[in-house]
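Residue-level listing of the chains:
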Amino acid sequence: MHKGSVLVVDDERSQREILRVILEEEDYEVILANGGKEALKAVREFAPDIILTDLKMPDMDGLGLLDSLPKEPFLPPLIIMTAHGSISSAVEAMKKGAFNYLTKPLDKDELLIVLSRAFERLNLMKENYLLQQEVHGKFNLDNIIGSSDKMREVFSLIEKVSSSSVTVLLCGESGTGKELVAKAIHYNSPRKNKPLMAINCAAIPENLIESELFGYEIGAFTGATTRKLGIFETSNGGTLFLDEIGDLSLPMQSRLLRVLQEKEIRRVGGRENIKVDVRLIAATNKILEKEIQRGSFRDDLYYRLTVVTINIPPLRERKADIPRLAQFFLEKYNMEFGKRVKNINSEAMRALLDYDWPGNVRELESAIERAVLLGEGDTITMADIAGVIKKPLQRIASTNFEIPPSGIDFEELEKNLLVQAMDRAGGVIAKAAKLLGMSYKTFWYRWEKFGLDSELSRKEETAP
Ligand SMILES: Nc1ncnc2c1ncn2[C@@H]1O[C@H](COP(=O)(O)OP(=O)(O)OP(=O)(O)O)[C@@H](O)[C@H]1O
Ligand SMILES: [Mg+2]
């Protein structure tokens, strides 16, 4: 078993041969090239793991080789061999991305140590690359389910905004998929290999939010014994997801607005401004226009944020997506729990489609998760989901009252029910209220509102 492959590049034949012997003895696979140009050919042909190259060579030197190497998916670790006199060039090579350098004459032990470190680095880079591929796949648009017209619109907007760095505001009720969309935008953008950081403005106490966003300097306040970078700095080059932005206090809103305008931040207790390049995606489940009217959201910040607004519709407005979403979650939780639930029977599906999902996709996801986990059999039935969506089903069951074609006088109907209940309860308000599922107070309020006491006594008077 080879430990991996090493491309040895040197214009001196004896040097190449010595290295070949040493490395083959250590179980490395060795490829030889007599200069930069031949090395490039070998890289294309054999894709060696590590490159060990002389610095000074006639046709293309080590630095030239470094510049010409393919950078995708990543630059292979390259070790420069150099004579004592030209260490400055070796340092330059390191700046350009070379992994390390060795001085000639080579010390065998040192060579082997540096090589094994280069392999460690390579493994890290491979892992990192695979992870990125995986993450990218995860937030591939295919993993956002939706073929309803409203979701198609969302997808087309995601695609349009992904290629640039415009600020995006995501609006939608809780559980509609705002965070999912934010991830999709980031991982489909040119910033995808840079960090995506998220902060939930509603979850952080007012007195901490400034330092969370902008960081602080040593001594900025008691307890600030080290410098801390804020999320604007840690997401530099990448994307910052500001969740629940409607909950940001007015003073923080003005600080944020300044950052968006100036593209620089200042740490708490700091004296200098620091340039940041951050793409902002904000989300809210509040109607910001209303907050502006109430005076709790700045309109100038609103205009900054709404360069592009993506409205993610509540699930009840795109019920056509329910079957595919349910199937998607079924497969997800089958995998997670090692179950083999195949489908959802039609009665259960009917119930899923009838329900209004106030908690949106998140609520549907947990309903399916529960059904997969607890269900026996290979089909999800009414019994598996009834627990989750019981309330509206009960309501439907007990309100089999049909409105006649001529319509009804709702007020008369209500009065009638109140009087009937009072009758049946023998005039005991608490009992009458219970019959209609109302609190004592509500019953009494409505009873009074319709003036039923006097109406009743009038009836009694006119009664024979
Ligand atoms: N269209 C969709 N396809 C697949 N999964 C979805 C979809 N929409 C939402 N989800 C899933 O539903 C759950 C809730 O979504 P997400 O956290 O993005 O909602 P949110 O709008 O950010 O909610 P909140 O406002 O409560 O933070 C997540 O597990 C997400 O993966
Ligand atoms: Mg969220």
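Keep in mind that this is a model prediction, so the values were computed, not measured. (Residues numbered from 1 in each chain as written. Chains lettered and ligands numbered in written order. Predicted model: local features only at pLDDT ≥ 70, side-chain atom pairs only at ≥ 80, totals over all residues. Heavy atoms only, no water.)

## Digging into a negative patch on the surface
And then number 1: On the surface, Asp11, Glu12, Glu38, Asp59 and Asp61 cluster together to form a negatively charged patch.
And then number 2: Checked against the element boundaries, Asp11 lands in the loop between strand S1 (4-9) and helix H1 (13-25). (Patch = residues over 30% accessible without salt bridge, like charges linked within 9 Å, V, L, I, M, F, W, Y side chains within 5 Å. Areas by Shrake-Rupley, 256 points an atom, 1.4 Å probe, with all protein chains shown as cover. Salt bridge = Lys/Arg side-chain N within 4 Å of Asp/Glu carboxyl O. Lys, Arg positive; Asp, Glu negative; His and termini not counted. Charge placed at Lys NZ, Arg CZ, Asp CG, Glu CD. Helix = DSSP H or I, 4+ residues; strand = E, 2+ residues; numbered from the N terminus.)

## Looking at the pattern of salt bridges
And then number 1: All told, the structure shown has 26 salt bridges when counted by the stated rule.
And then number 2: In this structure, Glu26 and Lys3 form a salt bridge, with 3.8 Å as the shortest nitrogen-oxygen distance. Within this pair, whereas Glu26 is found in the loop between H1 and strand S2 (28-33), its partner Lys3 is found in the segment before S1, the two being separated by 23 residues in sequence.
And then number 3: Taking the relative accessible area as the measure of exposure, Glu26 reaches 25% and is therefore partly exposed.
And then number 4: With a shortest N-O distance of 3.7 Å, Arg20 and Glu24 are connected by a salt bridge. On the criterion of helical spacing, the pair formed by Arg20 and Glu24 is a turn pair, its members being 4 residues apart in helix H1.
And then number 5: Owing to a relative accessible area of 28%, Arg20 belongs among the partly exposed residues under this scheme.
And then number 6: Taken together, the salt bridges that share partners define one network made up of Glu217, Arg227, Glu233 and Arg267. (Buried < 20%, exposed > 50% of the residue type's maximum accessible area, 1.4 Å probe, protein only.)

## Comments concerning the sheet that holds S1
And then number 1: Taken in spatial order, the 5 strands make up an open sheet running S2-S1-S3-S4-S5, and their pairing is parallel. Strand pairing shows two members of the sheet lacking a second neighbour, S2 and strand S5 (100-103), which therefore form its edges. Across the sheet, the mean angle separating the axes of adjacent strands is 20 degrees when strand polarity is ignored.
And then number 2: Here S1 runs beside strand S3 (residues 50-54); their pairing, made up of 4 bridges, is parallel. Opposite Val8, over in S3, you have Leu52 as the bridge partner.
And then number 3: Where H1 meets the sheet, its contacts fall on S1, S2, S3 and strand S4 (78-82), and the angle it forms with S2 comes to roughly 170 degrees. (Pairing = 2+ DSSP bridges. Axes fitted to C-alpha atoms, helices over the stretch in contact; angles between N-to-C directions. Contact = heavy atoms within 4.5 Å.)

## Things to note about the domain arrangement of the chain
And then number 1: In terms of domain boundaries, the chain breaks down into domain 1 (4-134), domain 2 (146-313), domain 3 (316-398) and domain 4 (410-462).
And then number 2: On a C-alpha basis, the centroid separation for the pair domain 2 and domain 4 is 53 Å. (Domains from an automatic or database assignment.)

## Section: the site of ligand 1
And then number 1: Of all residues adjacent to ligand 1, which total 18 residues, the nearest are Ile145, Ser174, Gly175, Lys178 and Glu365.
And then number 2: Residue Gly177 places a main-chain N or O atom 3.1 Å away from an oxygen atom belonging to ligand 1.
And then number 3: Between ligand 1 and Glu365, the relevant distance is 2.8 Å, taken from an oxygen atom to a side-chain nitrogen or oxygen of the residue.
And then number 4: Protein chains shield 87% of the accessible area of ligand 1, which is 640 Å² for the free molecule.
And then number 5: The site holding ligand 1 turns out to be the largest pocket.
And then number 6: Of all elements in the fold, only helix H7 (178-187), helix H13 (322-337) and helix H15 (360-374) reach the threshold of two or more residues within the shell around ligand 1. (Near = heavy atom within 4 Å. Polar contact = N/O pair within 3.5 Å; in protein donor to acceptor, adjacent residues only side chain to side chain. 1 Å grid on protein atoms, 1.4 Å probe; cavity = no way out; pocket = protein on both sides within 12 Å on 5 of 7 lines; lining within 4 Å. Sits in = over half its atoms within 2 Å of the grid points.)

## Observations concerning the nonpolar core
And then number 1: Membership of the largest hydrophobic core comes to 29 residues, with the highest contact counts inside it found for Leu213, Phe232, Leu242, Ile245, Leu256 and Leu305.
And then number 2: Elements with a contribution of two residues or more to this core: strand S6 (168-171), helix H8 (206-214), helix H9 (231-234), strand S10 (239-243), helix H10 (250-262), strand S13 (279-284) and helix H12 (299-305).
And then number 3: The residues touching Phe232, leaving out its near neighbours within four places in the chain, are Leu213, Phe214, Leu240, Leu256, Val259, Ile265, Val276, Val278 and Leu280.
And then number 4: Among the nonpolar cores identified, the runner-up in size contains 27 residues, and Ile145, Ala348, Trp357 and Ile368 belong to it. (Core = buried A, V, L, I, M, F, W, Y, C linked by side-chain atoms within 4.5 Å.)

## Some remarks on the layout of surface pockets
And then number 1: Space inside the largest pocket adds up to approximately 930 Å³.
And then number 2: Taken together, 30 residues line the largest pocket, and the ones lying closest to its centre are Gly177, Leu180, Phe329, Lys332 and Glu365.
And then number 3: When contributions to the lining of the largest pocket are tallied by element, the ones reaching two or more residues are H7, H13 and H15.
And then number 4: The leading source of residues in the lining of the largest pocket is H13, at 6 residues.
And then number 5: Classifying every residue of the lining of the largest pocket gives 12 nonpolar, 7 polar and 11 charged.
And then number 6: Both domain 2 (146-313) and domain 3 (316-398) contribute no fewer than three residues apiece to the lining of the largest pocket. (Points joined across faces, edges and corners; volume = space filled by probe spheres on them. Nonpolar A, V, L, I, M, F, W, Y, C, P; charged D, E, K, R; others polar.)

## A word on the pairing of strand S14 (residues 308-311)
And then number 1: By the alternation rule, side chains of S14 split into Val308 and Ile310, which are all buried, and Thr309 and Asn311, of which none is buried.
And then number 2: With 4 bridges joining them, S6 and S14 adopt parallel strand pairing. Note that in S14 the partner of Cys171 across the bridge is Asn311.

## So, the packing of H13 against H15
Packed helices, taken two at a time, are described by their axes: the angle between them and the distance between them.
And then number 1: Two elements in contact, H13 and H15, have axes whose closest approach is 9 Å; the angle formed by their N-to-C orientations is 45 degrees. Here H13 is positioned oblique relative to H15, judged by the angle of their axes. The crossing of H13 and H15 is right-handed. Judged by residue contacts, Ile322, Leu325, Ala326, Phe329, Leu330, Lys332, Tyr333, Asn334 and Phe337 of H13 engage Val361, Leu364, Glu365, Ile368, Glu369, Val372 and Leu373 from H15.
And then number 2: Of the residues contributing to the contact of H13 with H15, the split by class is 12 nonpolar, 1 polar and 3 charged. (Parallel < 35°, antiparallel > 145°, perpendicular 65-115°, else oblique. Left-handed = near helix turned anticlockwise from the far one by under 90°.)

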